[in-house]
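# Notes for the structure review
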Amino acid sequence: MHTLELPVLTEQQQLLSSADGAGRALYVETYGCQMNLNDTEIVQAIMAGQGYRLTTSIEDADVVLLNTCAIRDNAERKIHERLKHLRYWRKRKPQMVVGVLGCMAERLRSSLLGEQGLVDIVVGPDEYRRLPELVERAFEGELGIAVKLSRVETYDDITPIRTQGISAWISIMRGCDKFCTFCVVPFTRGRERSRPLASIVREAENLWEQGFREVTLLGQNVNSYRDPGGAGDFADLLAAVATAVPHMRIRYTTSHPYDMSDRLIETMAAYANICPYIHLPVQSGSNRILQLMNRHYTVEQYLGRIEKIRATIPGCALSTDIIVGFCTETDEDHQQTLELLRTVRYDGAYMFKYSPRENTKAWKMGDDVPDHVKSQRLDEIIQLQNRISWEINQTEIGRTVEVLVEGPSKRDSTQWQGRTDTNKVVVFPHIGATAGYIVGDVVKVRIERATSATLLGCIAE
Ligand code: 5AD
Ligand code: SF4
């Protein structure tokens, strides 16, 4: 009952499918960013190619893989806790192979092996092709580790196994060369490398044919995308995808403000199917802190980008990431961040307490803002941002918006849930005319109420 139905295998997957795993069940849990979700789909494809079947039940699993995140300490703590819980299954199924994948595997390497008497294999983000071999050896009792980072691996030839929904991720590049001083990603995901433009366009076309209605182009810093053969930059890629699948909604994440070119903004404005929504992490409203973070822009330059976006793409929604309590952050720096939020008035924000990461530059700068001060600053920015999001969403009341239907609402299955092209979640009841609509349709919804996170309405006849 818990086994997912596998889509038709590609030729490449069929070639591999006579191999070892035959019949064994694979269960993968994914933590962290969208890149990890897409990596899990790649891992599933690699393992399915070796004859493994996917399961959503640990009870049923012969192999359990945790695809992990290392961005903040609490992400890692969660994994250590999860490993403790897995001991229960290990006792009941001593043959079960347990692996840690992803950024935490890359960061902690061999120190994870054998943790809780449980971890059999540790595999970093550029070594997933070796998974079948390492799992096979683990069944024979051998611990395994593969954590080399690559300058070329993009898994371009692997078709991810997507098991749900009408919205798909496409990784367009891997790694990050920006080296923000707080960030572990350049160490866990290695150097920037891009997939060929033509292959990304082909993937988007295939997804449209399979019934997907939205794609998100993914990279740690998509703005530094370059076709390896010189066929263009990220603006060219967006234009090519938008032209190839003119009715597909196209999103992307994440942008770095430093690389957000005028040409990219103009390209977004030129295509109706490129969603008017940009996630543009600012991190701090203080120039002094931005410099310590090695972000390569000032608040003024950042605001210049926002102005250009708003002048070029009217109605473009914006979100951001903020870190509070970075080394040496004073109350004045914090006030400047609050001021920035008031100036930009983002539709939404992801807000975090600074978490020192070993090996980063900031690690050596110390962590001098006490935790209770970080908590207080975090509360303040969350409250302010919630109020702004609420106020912005109130202005949607009375408007009719186009919603791509994603499925039943998470809270109430008698309601549908979908998103506007500006990435706002819209919930509306399943009654009358809507009963005939299906997931993947774009419907017109008249907004009647709004919270800071959700718009609520009814189908507009
Ligand atoms: N501590 C807190 N937040 C962090 N981020 C990245 N590294 C850290 C860290 N060490 C946040 C940044 C980034 C988002 C993905 O996570 O805001 O944009
Ligand atoms: Fe980390 Fe900065 Fe790269 Fe984003 S741009 S992944 S925050 S180093």
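Worth saying up front: this structure is predicted, and the values here are computed from it rather than measured.

## Here we look at the overall build of the protein
- A count of helical and extended segments in the protein gives 14 helices and 19 strands.
- The C-alpha atoms of the protein give a radius of gyration of 23 Å, which matches the 23 Å a tight globule of 461 residues would have.
- With respect to the principal axes defined by its C-alpha atoms, the protein has extents near 60 × 60 × 45 Å.
- Counting the 461 residues in the protein, one finds 54% classified as buried.

## Quick notes on the site of ligand 2
- Near ligand 2 you find C176, K178, F179, C180, F182, C183, V185, P186, Q220, H256 and R295, and these make up its full shell.
- A class-by-class count of the residues in the shell around ligand 2 yields seven nonpolar, two polar and two charged.

## Digging into the site of ligand 1
- Residues in close proximity to ligand 1 include I71, R72, F182, Q283, D321, I323, F352, K353, Y354, S355 and R357, which together make up its full environment.
- At 3.0 Å, a side-chain N or O of R72 approaches an oxygen atom of ligand 1.
- In the environment of ligand 1, a nitrogen atom lies 2.7 Å from a nitrogen or oxygen atom belonging to the backbone of S355.
- Burial of ligand 1 by the protein chains amounts to 86% of its free accessible area of 400 Å².
- Of the residues in the shell around ligand 1, the class split is five nonpolar, two polar and four charged.

## Quick word on the nonpolar core
- One finds I172, L217, F234, Y252 and I278 to be the most contacted residues of the largest nonpolar core, which totals 55 residues.
- Considering each element in turn, this core owes the most residues, six residues, to helix α8 (residues 234–244).
- Those residues in contact with F234 that sit more than four places away from it in its chain are I172, L217, V222, N223, Y225, Y252 and L264.
- Ranked by size, the runner-up nonpolar core spans 26 residues in total, among them L26, I46, A146 and I158.

## What about the packing of aromatic side chains?
- In total, this model carries seven aromatic pairs according to the counting rule given.
- Seen in terms of ring centroids, Y128 and Y155 are 6.0 Å apart; in terms of plane orientation they differ by 15 degrees. Their pairing is stacked. Taken as a pair, Y128 in the loop between β5 (121–123) and α5 (131–139) and Y155 in the loop between β6 (144–146) and β7 (167–171) lie far apart in primary sequence, 27 residues in all.
- Just above the ring of F139 sits the side chain of R24; from NZ or CZ to the centre is 3.7 Å.
- The ring of W208 carries R213 above its face, with NZ or CZ at 3.7 Å from the centroid.

## A word on unusual backbone geometry
- A cis geometry characterises the amide bond from T253 onward to T254, with omega recorded as 5 degrees.
- Looking at the secondary structure, you find T254 in the loop between β11 (249–253) and α9 (262–270).
- Positive phi is not limited to glycine here, since Y155 has a value of about 55 degrees.
- The exposure class of Y155 is buried, given its relative accessible area of 2%.
- Even without glycine at this site, H296 takes up a positive phi of about 65 degrees.
- Looking at the secondary structure, you find H296 in the loop between α10 (287–292) and α11 (299–312).

## Section: the confidence of the model for the protein
- Looking at the protein, pLDDT values average 93 and 94% of them are 70 or higher.
- Counted against residues more than four places away or in other chains, residues 1–18, with its pLDDT under 50, gives 31 contacts.

## Re empty space enclosed by the protein
- All chains considered together, the criterion is met by one cavity of 30 Å³ or more.
- Its volume calculated, the largest cavity comes out at about 50 Å³.
- Forming the boundary of the largest cavity are N38, I42, T154, Y155, D156, I158, P160, R162, I170, S171, R195 and E203.
- Those elements giving two or more residues to the lining of the largest cavity turn out to be α2 (34–48) and β7.
- Residues that form the lining of the largest cavity fall into these classes: five nonpolar, three polar and four charged.

Rules behind the numbers
All residue numbers refer to position in the chain's written sequence, counted from 1. Going through the entries in the order they are written, you letter the chains from A and number the ligands from 1. Reporting in this predicted model follows two pLDDT cut-offs: at least 70 for local features of residues, and 80 or more for side-chain atom pairs to be given and counted; totals over whole chains, interfaces and linings ignore these cut-offs and use all residues. Hydrogens and water are ignored here; the side-chain numbers use all heavy atoms of the structure. Only DSSP runs of H or I reaching four residues or more are called helices, and only runs of E reaching two or more are called strands; each is numbered from the N terminus. Our radius of gyration is a C-alpha quantity, and the globule rule it is checked against amounts to 2.2 Å times the number of residues to the power 0.38. Whether a residue is buried, partly exposed or exposed follows from its accessible area with a 1.4 Å probe, protein chains only, as a fraction of its type maximum: under 20%, in between, or over 50%, in that order. When we say a residue is near a molecule or strand, we mean one of its heavy atoms is within 4 Å of it. Residue polarity is assigned by list, with Asp, Glu, Lys and Arg as charged and Ala, Val, Leu, Ile, Met, Phe, Trp, Tyr, Cys and Pro as nonpolar; anything else, Gly included, falls into the polar class. Here a polar contact is recorded for every N or O atom pair within 3.5 Å, except that within protein the pair must consist of a potential hydrogen donor and a potential acceptor, and residues adjacent in sequence are included only if both atoms are side-chain atoms. Calculation of accessible area relied on Shrake-Rupley with a 1.4 Å probe; when residues are assessed, cover is drawn exclusively from the protein chains displayed. Here, nonpolar core refers to any group of buried Ala, Val, Leu, Ile, Met, Phe, Trp, Tyr and Cys residues whose side-chain atoms link them within 4.5 Å. Here, residues are in contact when the closest pair of their heavy atoms is within 4.5 Å. Within 6.5 Å between ring centres, the rings of Phe, Tyr and Trp (the latter by its six-membered ring) count as paired, and their orientation is classed by plane angle as stacked under 30 degrees, edge-to-face over 60, tilted in between. Any Lys NZ or Arg CZ that is within 6 Å of a ring centre and within 35 degrees of that ring's normal is treated as a charge sitting over the ring. Values of pLDDT, the confidence the predictor places in each residue, fall between 0 and 100. Of the two site types, the cavity is a set of points on a 1 Å grid over the protein atoms alone where a 1.4 Å probe fits but cannot get out, and the pocket is an open set with protein on both sides within 12 Å along at least five of seven lines, each lined by residues with an atom within 4 Å of a point. Grid points are joined across faces, edges and corners, and a volume is the space filled by probe spheres set on the points.

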